[in-house]
Amino acid sequence: MELFMAMSLLVIFYVVSLIGKLVFQKRDQYCYMLNYECYKASEDRRLDTETCGNIVLRNNNLGFEEYKFLLSTIVSSGIGEETYGPRNVLEGREETPTLQDALDEVDDIIFKTLDNLFQKSGVSPSQIDILVVNVSLLSCAPSLAARVINRYKMRENIKAYNLAGMGCSASLIAIDLVQNLFRTYKNAFAIVVSTESMGGNWYCGKERSMMLSNCLFRSGGCSMLFTNNRSLKDRAILKLKCLLRTHHGSNDEAYECCIQVEDSLGFRGFRLTKALTKAAALAFTENLKVLVPKVLPLTELIRYVISHRIKKKGGSGVLEEVGAGLNFKTGVEHFCIHPGGRAVIDGVGKSLRLSEYDLEPARMALHRFGNTSAGGLWYVLGYMEAKKRLKKGDRILMISFGAGFKCNNCLWEVMKDLGDANVWEDCIDRYPPKTLVNPFIDKFGWVKEGRVGYVKMD
């Protein structure tokens, strides 16, 4: 009898210890965002209508048909007159960029945002345990991560990672890397820097699918500070609830729909094909299959299963139909959509049955700052915060797409009421504007009307 009691107590002790271990492991997996800092360039780098027109007109490789294509693209892009471009392009050196041009561009973004981040957070560079830098189109030696370590004289045992070629969804990939490293490194601080090198990748040819990137992509970026130290949760602004990554690189059409190549004349650029929206729809569908049970309440899932069985509606590969039948607002208050372009925002909005209020932050980020690649999500988040939309306990669904083809999504919980105007401080009162129509059509309407003689080339 005593032996039985001893064995029973041993089993109970083992089970309790196992449960306790799992609980503490779960606690150590927390990922808190303490702060983030978006980049805003100087006013002399603003790409207004006249500047954009001059850049287009000085490209001797373009003909009248290309002018018409660019006009219609820019007018319908959803981008306004206050975005920022690379300095070498503004100075007329887009055809002959140097390595120093590229380094100066990313240095300005990275160091300005990090300087502000360290100052506002009160965390010093010597306290950082993990550093992840992601810039898709610039890979140098030493790495950009090494440049950050050198600039701030960080510790010799810092865990540094440099991600290249990961596209517009690289920011969430970097955060996923951080949250996995947090399982090993306790009470750690991590920095993620997300930006892009535009100046060295400005397309100077005339292939239409490659000219699109010049119309959409603009200079920008963001630096973020994270920790898994639970004693600092009162300082946190967001807590990561879940993050899911989907990669369709095995599909040839998806792989090639968003790719860096050289055209027939040898001009390097980024090709965006018509298959992009289909690739986004398929990747988004696969991602949601796993993400939805983690985000939506059980009652909504049951309702969806019943209605789905009745309708028997299958996937169509159309972005607008991906989330048909699901009510995402039962589990999410805010939708932070990658501002990759008007078509992407419209497609995601229709697929999730979102209102114009839900889509407003992404549309305004695209209008004010353009597609800033991996940094784009944080301008959208900044708009929500500047408008004082984010309240304690709210949930934010971040949705991103990137070359590969990838769809990376995550869910955040707001830890406190937020209201920092950040990079939107000087213009948030003007947003949303009464109209998003680009004034390009007013100054360059002669292209649409076919008045070729109006073109004046130096």
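Rules of the game
Residues numbered from 1 in each chain as written. Predicted model: local features only at pLDDT ≥ 70, side-chain atom pairs only at ≥ 80, totals over all residues. Heavy atoms only, no water. Helix = DSSP H or I, 4+ residues; strand = E, 2+ residues; numbered from the N terminus. Buried < 20%, exposed > 50% of the residue type's maximum accessible area, 1.4 Å probe, protein only. Contact = heavy atoms within 4.5 Å. Areas by Shrake-Rupley, 256 points an atom, 1.4 Å probe, with all protein chains shown as cover. Pairing = 2+ DSSP bridges. Axes fitted to C-alpha atoms, helices over the stretch in contact; angles between N-to-C directions. Left-handed = near helix turned anticlockwise from the far one by under 90°. Nonpolar A, V, L, I, M, F, W, Y, C, P; charged D, E, K, R; others polar. Polar contact = N/O pair within 3.5 Å; in protein donor to acceptor, adjacent residues only side chain to side chain. Parallel < 35°, antiparallel > 145°, perpendicular 65-115°, else oblique. Patch = residues over 30% accessible without salt bridge, like charges linked within 9 Å, V, L, I, M, F, W, Y side chains within 5 Å. Salt bridge = Lys/Arg side-chain N within 4 Å of Asp/Glu carboxyl O. Phe/Tyr/Trp six-rings, centres within 6.5 Å; stacked < 30°, edge-to-face > 60°. Lys NZ or Arg CZ within 6 Å of the ring centre and 35° of its normal.

Undergrad: I tried to follow the overall build of the chain on my own but got confused; where do I start?
TA: A count of helices and strands for the chain gives 16 helices and eleven strands. Here the chain, with 458 residues, has 54% of them falling under the buried criterion. A separation of at least 24 residues holds for 82% of the contacts in the chain among residues at least 6 apart in sequence. Entry remark: accessible area of the chain is about 21000 Å², with carbon and sulfur atoms responsible for 54%.

Undergrad: Any chance you could explain the sheet that holds strand β6 (residues 238-247) here in plain terms?
TA: One key point about sheets: their strands pair by backbone hydrogen bonds, in either a parallel or an antiparallel sense. One open sheet accounts for nine strands, arranged β3-β2-β4-β5-β1-β6-β11-β10-β9; its pairing is mixed. Each edge of the sheet is formed by a strand with only one pairing partner; in this case those strands are β3 (159-163) and β9 (334-337). Going across the sheet, the axis of each strand differs from the next one's by a mean of 20°, ignoring polarity. Across eight bridges, the pairing between strand β10 (residues 395-402) and strand β11 (residues 406-414) is antiparallel. Paired with Leu-397 across the two strands is Leu-411, which belongs to β11.

Undergrad: Please explain unusual backbone geometry as it appears in this structure.
TA: Among all residues save glycine, negative phi is the norm, and among peptide bonds the norm is trans. Cis geometry marks the peptide bond from Ala-141 to Pro-142; its omega dihedral reads -5°. With respect to the helices and strands, Pro-142 occurs in the loop between β2 (130-135) and α6 (144-152). Unlike most non-glycine residues, Lys-153 shows phi in positive territory, near 50°. Relative to the assigned elements, Lys-153 resides in the loop between α6 and β3. Non-glycine residue Asn-187 carries a positive phi angle of around 50°.

Undergrad: Would you mind showing me how to read the pairing of β11 here?
TA: Note on strand geometry: in a regular strand, side chains alternate between the two faces of the sheet. For β11, the tally of buried residues reaches eight of nine residues, placing the bulk of the element in the interior. Examined bridge by bridge, β6 and β11 share nine bridges and lie antiparallel to one another. Bridged to Lys-239 within β11 is Glu-413. Linking β10 to β11, which pair antiparallel, is a turn of three residues; within it Gly-404 sits at a positive phi near 145°.

Undergrad: Help me understand the packing of helix α13 (residues 356-369) against helix α14 (residues 376-386) in this model?
TA: Pairs of packed helices are described in terms of their axes, by the angle between the two and the distance that separates them. Packing of α13 against α14 brings their axes to within 8 Å, and their N-to-C directions diverge by 115°. Between α13 and α14 lies a crossing whose hand is right-handed. Together, Glu-360, Pro-361, Ala-362, Met-364, Ala-365 and Phe-369 of α13 and Tyr-379, Val-380, Tyr-383 and Met-384 of α14 make up the contact between the two elements. Here the contact of α13 with α14 is composed, by residue class, of nine nonpolar, no polar and one charged.

Undergrad: What is the right way to look at the side chain of Ser-77 in this model?
TA: As for its position among the elements, Ser-77 is in the loop between α3 (64-75) and α4 (87-90). With relative accessibility at 4%, the residue Ser-77 sits in the buried group. In this structure the side chain of Ser-77 is engaged in a polar contact, spanning 2.7 Å, whose partner is the backbone oxygen of Ile-74.

Undergrad: What is the right way to read the packing of helix α12 (residues 342-351) against α13 from this model?
TA: α13 packs onto α12 with a crossing angle of 175° between their chain directions and a minimal axis gap of 10 Å. The angle between α12 and α13 places the two elements in the roughly antiparallel class. Packed against α12, whose contacting residues are Arg-342, Ile-345, Asp-346 and Gly-349, the element α13 presents Leu-359, Ala-362, Arg-363 and Leu-366 at the interface. Tallied by class, the residues present in the contact of α12 with α13 amount to four nonpolar, one polar and three charged.

Undergrad: Could you clarify how one ought to interpret a nonpolar patch on the surface in this entry?
TA: Taken together, Leu-298, Ile-302 and Ile-306 make up a surface patch of nonpolar side chains, about 310 Å² in accessible area. Of note, Ile-306 is situated in helix α11 (residues 298-311).

Undergrad: Whenever I open this one, the packing of aromatic side chains confuses me. Can you help?
TA: Centre distance and the angle of the planes are the two values used to describe a pair of aromatic rings. Evaluated as defined, the whole model comprises twelve aromatic pairs. Judged by centre distance (5.8 Å) and plane angle (45°), the rings of Tyr-30 and Tyr-32 are tilted. Residue classification places Tyr-30 among the partly exposed residues on the basis of a relative accessible area of 23%. With a centroid separation of 6.3 Å and an interplanar angle of 20°, the aromatic rings of Phe-226 and Trp-412 are classed as stacked. One end of the pair, Phe-226, is in strand β5 (residues 221-227); the other, Trp-412, is in strand β11, and 186 residues separate them in sequence. Take Phe-226 and Trp-412: they sit in the same class, and that class is buried. Three or more aromatic residues joined by ring pairs form one cluster here, namely Phe-369, Tyr-379, Tyr-383, Trp-424 and Tyr-431. The side chain of Arg-389 reaches across the aromatic face of Tyr-357, ending 3.7 Å from its centre.

By themselves, these are just geometric observations and shouldn't be taken as functional.
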